[in-house]
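So the chains spell out like this:
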Amino acid sequence: PALIGKRAAHDVAAGSLVGPTAGVEVMVPATGRTVVGLSLPPGAEPAVPLQVGDRVRVILTEPAYACAAGESGTIDTPEGTTATAQCTVNVVIPAVVVATARDEASGQVSVSVDVAEDDAPRTAAAAALGRAALVLDSRDT
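All chains use their own residue numbering, which begins from 1 and follows the written sequence. It should be noted that, the model being predicted, local features are given only for residues of pLDDT at least 70 and side-chain atom pairs only at 80 or more, the latter also being counted only at that level, while totals for whole chains, interfaces and linings use all residues. Values shown for side chains rest on all heavy atoms present in the structure; no hydrogens or waters enter the calculation.

### Digging into the overall build of the chain
How we decide: The numbering of helices and of strands both runs from the N terminus, where a helix is a DSSP run of H or I of at least 4 residues and a strand a run of E of at least 2. Between buried and exposed lies partly exposed: a residue is buried under 20% and exposed over 50% of the maximum accessible area for its type, with that area taken using a 1.4 Å probe on protein chains only. In what follows, residue pairs with any heavy atoms lying within 4.5 Å of each other are defined as contacts. Note on areas: Shrake-Rupley with a 1.4 Å probe; residue coverage comes only from the protein chains shown.
Within the chain one finds 2 helices and 9 strands. Ordered by position in the sequence, the α and β elements of the chain form the string β-β-β-β-α-β-β-β-β-α-β. Evaluated residue by residue, the chain yields a buried proportion of 27% over its 141 residues. Taking the intrachain contacts of the chain between residues at least 6 apart in sequence as the baseline, contacts between residues at least 24 apart amount to 65%. Carbon and sulfur atoms make up 56% of the accessible area of the chain, which totals about 8900 Å².

Here is the structure:
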């Protein structure tokens with residue numbers, strides 16, 4: 001009875017026993033959301049251990065990502081004047097941690113984050129090229 005109305009959290013083989021963790025109330029990712037995996041080197045994430053449900057921001061640290069997003073901004077030139085730049089330096093993507101693991105030998109942190117579907121391609125591209133950092137927002141709700 002405790003599983004009625006819930007969705008399967010993972011595949012359940014026919015004839016196997018079903019435990020209390022086999023059902024979930026809400027599927028991750030939800031409609032319009034995407035889970036993206038990040039492999040972060042030491043220093044690209046907070047020293048505070050991340051927890052599932054933490055609100056974080058993924059910072060894309062390469063101007064090319066801003067260019068791909070069609071963003072623009074201003075930069076200071078060596079002459080002390082300002083000029084219009086074709087891209088901004090950072091793109092910030094709000095996310096929620098859905099899983100995390102640390103490789104103690106290398107210090108790499110694997111973090112799966114839930115982002116808006118439209119932000120997934122930029123987030124995944126930055127992660128694949130090692131151009132993403134993670135910042136933790138307040139845990140106060």
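Now, onward.
### Some points on the confidence of the model for the chain
The cut-off we apply is this: Confidence of the predictor at the level of single residues is given by pLDDT, which spans 0 to 100.
Averaged over all residues, the pLDDT of the chain equals 76, while 60% of them reach at least 70. Element-level mean pLDDT values for the chain span from 50 in strand β5 (residues 73–76) up to 92 in strand β8 (residues 109–116).

### Some details on the sheet that holds strand β3 (residues 33–40)
Our working rule: Pairing between strands requires that DSSP locate at least two bridges from one strand to the other. Orientation is described by axes fitted as lines to C-alpha atoms, over the contacting stretch for helices, and by angles from 0 to 180 degrees between their N-to-C directions.
Spatially, 5 strands are ordered β3-β8-β7-β4-β9 in an open sheet, and the strand pairing comes out antiparallel. Pairing within the sheet leaves two strands with one partner each, and these edge strands are β3 and β9 (132–136). Within the sheet, the average angular offset between the axes of one strand and its neighbour, ignoring direction, is 40 degrees. Examined bridge by bridge, strand β7 (residues 91–102) and β8 share 6 bridges and lie antiparallel to one another. Residue Arg 102 lies in a different strand from β8, and its bridge partner there is Val 109. Sitting on the sheet, helix α2 (residues 120–128) is in contact with β3, β4 (55–60), β7, β8 and β9, with an inclination near 15 degrees to β3.

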